[in-house]
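Analysis of the macromolecular model
Take a look at the letters that make up each chain.
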Amino acid sequence: MGESLPKLVVLSLKSNNFHGNIPFRLCHLSYIQILDISSNNISGTIPKCFHNFTAMPHTTSSNRSITSYYHYNLGDENVQMPGIYFDKTYLTWKGSQYEYNSTLGLVKILDLSSNKLGGGVPKEIMDLVGLVALNLSGNNLTGQITPKIGQLKSLDFLDLSRNQFFGGIPSSLSQLSGLSVMDLSYNNLSGKIPLGTQLQSFNESVHDGNPELCGLPLRNKCPDEDSAPSPERDDANTPEGEDQLITFGFYVSVILGFFIGFWGVCGTLLVNTSWRHGYFKFLTSVKDWVYLITAVNIAKLQKTFRD
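What you are looking at is a predicted structure, and each value in this text was computed from that prediction instead of being measured.

What to know about the environment of H19
Mapped onto the elements, H19 comes out in strand 2 (residues 19-20). Classification of H19 as exposed rests on a relative accessible area of 66%. Setting aside residues no more than four positions away along its own chain, H19 makes contact with N41 and I42.

Set out below in structure tokens:
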């Protein structure tokens, strides 16, 4: 197929009963943008030569639609007329089926889900940086998720669920800012989920079936997230710890403040005679003023009651 149809752009063979390995001749489909062989009985490993899909590494496309040119005969005169055909296809996208026509040229999908594929995921697939959707779910794939997955900047859909991947989730996955659908459930992943707005925004169900994972958005906290014990202190002189030290310092500050304030005023009055006389004269005048105001107000009240 790869040699006889080298300019094939869309190949969908999903939901059949194909079995055996993925033929290496598929790697000759250099123009392929959508390859869907999901829901079959295909076994073996994923060929490394998938990086020969030279249309998928491009993050942009000059044509939004996919067009085909052909010629047809006009009447009985054997006059060939040019024609153009705009390709369209139906794709299952995020659980629903849509018809793609005018934007088909922008869609780049690799769907190998629901088969019996084993082994690891070739790192060469991570060179297909134009991929919008990568679905490898429901296989027997194993190994660690490569950090190179962060190269797939155009990914909007990623499903690696129901496999046997192990190890940690690479931090590079948090760099996929356009990722709106992700599913890593039912693998053997472990460790802390990398911090990043993108990964923490997903529901915790995308990590189900990985009991050794920890960190947000899961309720399972990582060991380093628990409250760290306070460092040991030398309490030889303060047997009740830091609280005792704070209390002791507070009382010392109060006592010192009282002595400094009290003797700062009273000591000055005792030493300086003129200041002392002026101070007592001031107190006497204040006393007389208070007495006078009080007497006047009492007299006014009495006069009011008599009237």
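Quick look at the sheet that holds strand 10 (residues 116-119)
Strands sit in the order 2-4-10-12-14-16-17 across an open sheet of seven strands; the sheet is parallel. Every other strand in the sheet has two partners, leaving strand 2 and strand 17 (212-214) as the edge strands with one partner each. Two strands pair when backbone bridges link them, and strand 12 (residues 140-143) and strand 14 (residues 164-167) are joined in this way by two bridges, in the parallel orientation. Following the sheet pairing, T142 is matched in strand 14 by Q164.

Description of the packing of aromatic side chains
Under the defined criterion, the tally for this structure stands at one aromatic pair. Seen in terms of ring centroids, F50 and F53 are 4.9 Å apart; in terms of plane orientation they differ by 35°. Their pairing is tilted. There is no split in this pair, since F50 and F53 are both buried.

Focus: the confidence of the model for the chain
Put simply, the chain has an average pLDDT of 76, and 66% of its residues get 70 or more. For residues 64-72, every residue scores under 50 in pLDDT, and the model assigns this stretch 38 contacts once sequence neighbours within four places are set aside. Note on residues 228-242: pLDDT is under 50 here. Beyond four places in sequence and across chains, it has three contacts.

A few points about the pairing of strand 12
What you see with strand 12 is a clean split: L141 and G143 sit on the buried side and N140 and T142 on the side with no burial. Note that strand 10 and strand 12 share two bridges and pair parallel. Bridge assignment links G119 to a residue of strand 12, and that residue is L141.

A look at the state of the cysteines
For the structure shown, the criterion picks out two disulfides. Put simply, C214 and C222 are joined by a disulfide, and their sulfur atoms are 2.0 Å apart. Residues C214 and C222 are joined through a disulfide that is right-handed, its torsion about the S-S bond being 100°. Judged by its relative accessible area of 2%, C222 is buried. Across the chain, the way the bonded cysteines pair up, counted in sequence order, is 1-2, 3-4.

Definitions and limits used
- Residues numbered from 1 in each chain as written.
- Predicted model: local features only at pLDDT ≥ 70, side-chain atom pairs only at ≥ 80, totals over all residues.
- Heavy atoms only, no water.
- Helix = DSSP H or I, 4+ residues; strand = E, 2+ residues; numbered from the N terminus.
- Buried < 20%, exposed > 50% of the residue type's maximum accessible area, 1.4 Å probe, protein only.
- Contact = heavy atoms within 4.5 Å.
- Pairing = 2+ DSSP bridges.
- Phe/Tyr/Trp six-rings, centres within 6.5 Å; stacked < 30°, edge-to-face > 60°.
- pLDDT = per-residue confidence, 0-100.
- Disulfide = S-S within 2.5 Å.

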